[in-house]
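Descriptive structure summary
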Amino acid sequence: MLVHRCRFVEWTPATVVALAFNHSTTRLAVARENGNIEIWDVQGKWRVEKVLRSSSKSHLRTIVWTKDGRLLSGGLDGMIVQWNLHTQQEEISISSDGGAVWSMALNHASTTLAVATEDGAIRLFDVSQPSEIVYSRSFDKQKGRALSVAWSLDDQFIVSGSFDGTIRKWSATSSRALFSIKMEKTNNKKPIVWCVALTRDDTIVSGNSHGFTQIWDGQLGTLIRSFHSHSADVLTIAVDMSQDAFFTTGTDNKVVMFQGVPLEQQVGGKTLLDWQCSCHRRTHSHDLRALALSDGWLVSECVHRVT
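Residues numbered from 1 in each chain as written. Predicted model: local features only at pLDDT ≥ 70, side-chain atom pairs only at ≥ 80, totals over all residues. Heavy atoms only, no water.

1. Focus: the pairing of strand β13 (residues 146-151)
Applied cut-off: Note on exposure labels: buried denotes an accessible area under 20% of the residue type's maximum, exposed denotes more than 50%, and partly exposed covers the range between, all computed with a 1.4 Å probe on protein chains only. Secondary structure follows DSSP: runs of H or I at least 4 residues long count as helices, runs of E at least 2 residues long count as strands, and numbering of each begins at the N terminus. Strands qualify as paired when DSSP identifies two bridges or more between them.
Most of β13 sits out of view: six of its six residues are buried. Taken together, the five bridges between β13 and strand β14 (residues 157-162) define a ladder with antiparallel strand orientation. Each residue of the ladder has a partner; that of valine 149, found in β14, is serine 160. Linking β13 to β14, which pair antiparallel, is a turn of five residues; within it aspartate 155 sits at a positive phi near 65°.

What follows is the structure, given as structure tokens:
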């Protein structure tokens, strides 16, 4: 058998748009822009175990794992898909009813999926049953597309970020907005809120298109700290399991670590944290859209040890 080595074809892999560890941290799902999802076995030597190929070019944007090991994905085609990891086929597919799916977040009980959609609404879907995804209800529509969504640790609240530069905190039970935060313009341009996250004391973390990582009081909606941590859009936030640190990255290919320093002051029996920019690193030559954390490892298309 003759083997020919080809040197004149430059292979360009599809962009990684989302990363997610399963709850047992034995598998890593890697979603690519062409609609494919790679399942990596991360026990011992990291290897691609299987590739889930979409029936259409869905332009994936987000993936989440349920506690029982189901994988859900959403993309710009407006479909929410549950995958069968044994057959490697789409098992359930349901429309978001709001256009493109920009972000999804599963509550900590793994029963309700919050979906941020093109029409500006946050929609909730019941995913408690393995055999179905059922639409539950919708929050009031925002101006412009809803781009990011996150749950509080007690599953009582949801935070969303939107194209119009507004962060909103919602009651997960009443579906009402508790307050909204409007970002200030920079050079007469309104920022886009690309990503949001919540820490254990309901502190809100946001990243926007002007390169700012900002920390907000989750009870009052007031600004606590603001860091011009990036020279361009902040696209994603990953919070450590300890809730004492988080990481950001984006268009400028820089990964930044923020560390919470405990203060002597306590509120409601909880120790307050003073957030500081701890360190940063550049290990890529292109923009980054996804981060994933597990057991002291940070994944951003390459693997970093953080503890």
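2. Focus on the state of the cysteines
To keep it simple, the criterion reads: In this description, the term disulfide denotes a pair of cysteine sulfurs within 2.5 Å.
Within the structure shown, the criterion is met by zero disulfides. Note on cysteine 195: no disulfide assigned, nearest cysteine sulfur contributed by cysteine 277 at a separation of 15 Å. With no disulfide partner, cysteine 279 has as its closest neighbouring cysteine sulfur the one in cysteine 277, 7.6 Å distant.

3. Some points on the pattern of salt bridges
So the rule is basically this: Definition used for salt bridges: Asp or Glu carboxyl oxygen within 4 Å of a side-chain nitrogen of Lys or Arg.
Counted according to the given criterion, the structure contains 13 salt bridges. Aspartate 119 is the salt-bridge partner of lysine 141, the closest N and O atoms lying 3.7 Å from each other. Of this pair, lysine 141 sits in the loop between β12 (134-138) and β13 while aspartate 119 sits in the loop between β10 (112-117) and β11 (122-126); the two residues are 22 residues apart in sequence, bridging distant segments of the chain. Taking the shortest distance from any N to any O, the salt bridge between aspartate 287 and arginine 289 comes out at 4.0 Å. The exposure class of arginine 289 is partly exposed, given its relative accessible area of 28%. What emerges from the salt-bridge pattern is a single network uniting Arg27, Asp41, Arg47 and Glu49.

4. Some remarks on the environment of histidine 280
Rules: A contact between two residues is defined here by any heavy atoms of the two lying within 4.5 Å.
Tracing the backbone through its elements, the reader meets histidine 280 in strand β24 (residues 270-281). Among the residues examined, histidine 280 registers a relative accessible area of 52% and is labelled exposed. If we ignore the near neighbours within four places in the chain, the residues touching histidine 280 are Lys254, Val255 and Val256.

5. Quick look at the nonpolar core
Side chains of nonpolar character tend, in soluble globular proteins, to be buried together. We count it as follows: What we call a nonpolar core is a set of buried Ala, Val, Leu, Ile, Met, Phe, Trp, Tyr and Cys residues that are connected through their side-chain atoms within 4.5 Å.
Of all hydrophobic cores here, the largest spans 15 residues; its most connected members are Ile37, Ile39, Ile63 and Leu71. Secondary-structure elements contributing two or more residues to this core are β1 (16-21), β2 (27-32), β3 (37-41), β5 (60-65) and β7 (79-84). When sequence neighbours within four positions are dropped, the list of residues in contact with isoleucine 37 reads Ala29, Val30, Ala31, Lys50, Val51, Leu52, Leu60, Ile63, Leu71, Ser73 and Trp83. Core analysis: the next-biggest nonpolar cluster, separate from the first, contains 13 residues, Val64, Ile92, Met104 and Val115 among them.

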